[in-house]
Amino acid sequence: MDLTDIKPVDIITHIEQNFNRSQATGLNCLIFLALREQTSVAYQHKEYCFEDIPEQIIAWCDCMDEHDLVGLATEIANGLWDENIAAAVEPGNAETQSAQPIEDQNQPTLLSDY
């Protein structure tokens, strides 16, 4: 695939199929740092030594314009957020709630009871 043919959806697909949470978070950090520092993602990759992120992905990111790069970072963040939501609602992760009896406190509860 030619670098100029890469679209954010191609990178998102690759991330979903091949990256773990740490790699996706790291790539997002590199993208945001590159945008903030007005450098390339490759420069940030070299600076922070995120060796678990393939250089091919870094090269793909650097071929994008700023608008597409922000969109890619947003999609990565949304994917991470969706993982959090999915983990929170999985039946195995939910705490079971059971009814607890209300203990009698033997104290007046209304001002009129005084």
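What counts and how
Residues numbered from 1 in each chain as written. Predicted model: local features only at pLDDT ≥ 70, side-chain atom pairs only at ≥ 80, totals over all residues. Heavy atoms only, no water. Patch = residues over 30% accessible without salt bridge, like charges linked within 9 Å, V, L, I, M, F, W, Y side chains within 5 Å. Areas by Shrake-Rupley, 256 points an atom, 1.4 Å probe, with all protein chains shown as cover. Salt bridge = Lys/Arg side-chain N within 4 Å of Asp/Glu carboxyl O. Helix = DSSP H or I, 4+ residues; strand = E, 2+ residues; numbered from the N terminus. Buried < 20%, exposed > 50% of the residue type's maximum accessible area, 1.4 Å probe, protein only. Phe/Tyr/Trp six-rings, centres within 6.5 Å; stacked < 30°, edge-to-face > 60°. Core = buried A, V, L, I, M, F, W, Y, C linked by side-chain atoms within 4.5 Å. Contact = heavy atoms within 4.5 Å.

*Asks:* I would appreciate a short explanation of a nonpolar patch on the surface in the present structure.
*Replies:* Together, Trp81, Ile85 and Val89 give the surface a local cluster of nonpolar side chains, amounting to about 330 Å² of exposed area. Note on placement: valine 89 falls in helix α5 (residues 66–89). Classification of valine 89 by relative accessible area gives exposed; the value is 60%.

*Asks:* Is there a simple way to think about the packing of aromatic side chains in this case?
*Replies:* For the structure on display, the rule yields 1 aromatic pair. A ring pair is formed by tyrosine 48 and phenylalanine 50, whose centres lie 6.3 Å apart and whose planes are at 55°; its orientation type is tilted. Look at phenylalanine 50 and you get partly exposed, because its relative accessible area is 26%.

*Asks:* Sorry, what's going on with the nonpolar core here?
*Replies:* Here is a general trend for soluble globular proteins: nonpolar side chains tend to be buried in one another's company. Membership of the largest hydrophobic core comes to 22 residues, with the highest contact counts inside it found for Ile11, Leu27, Ile31, Val41, Cys61, Leu72 and Ile76. Apart from the residues lying within four places of it in its own chain, the contact partners of cysteine 61 are Ile11, Leu27, Ile31, Val41, Leu69 and Leu72.

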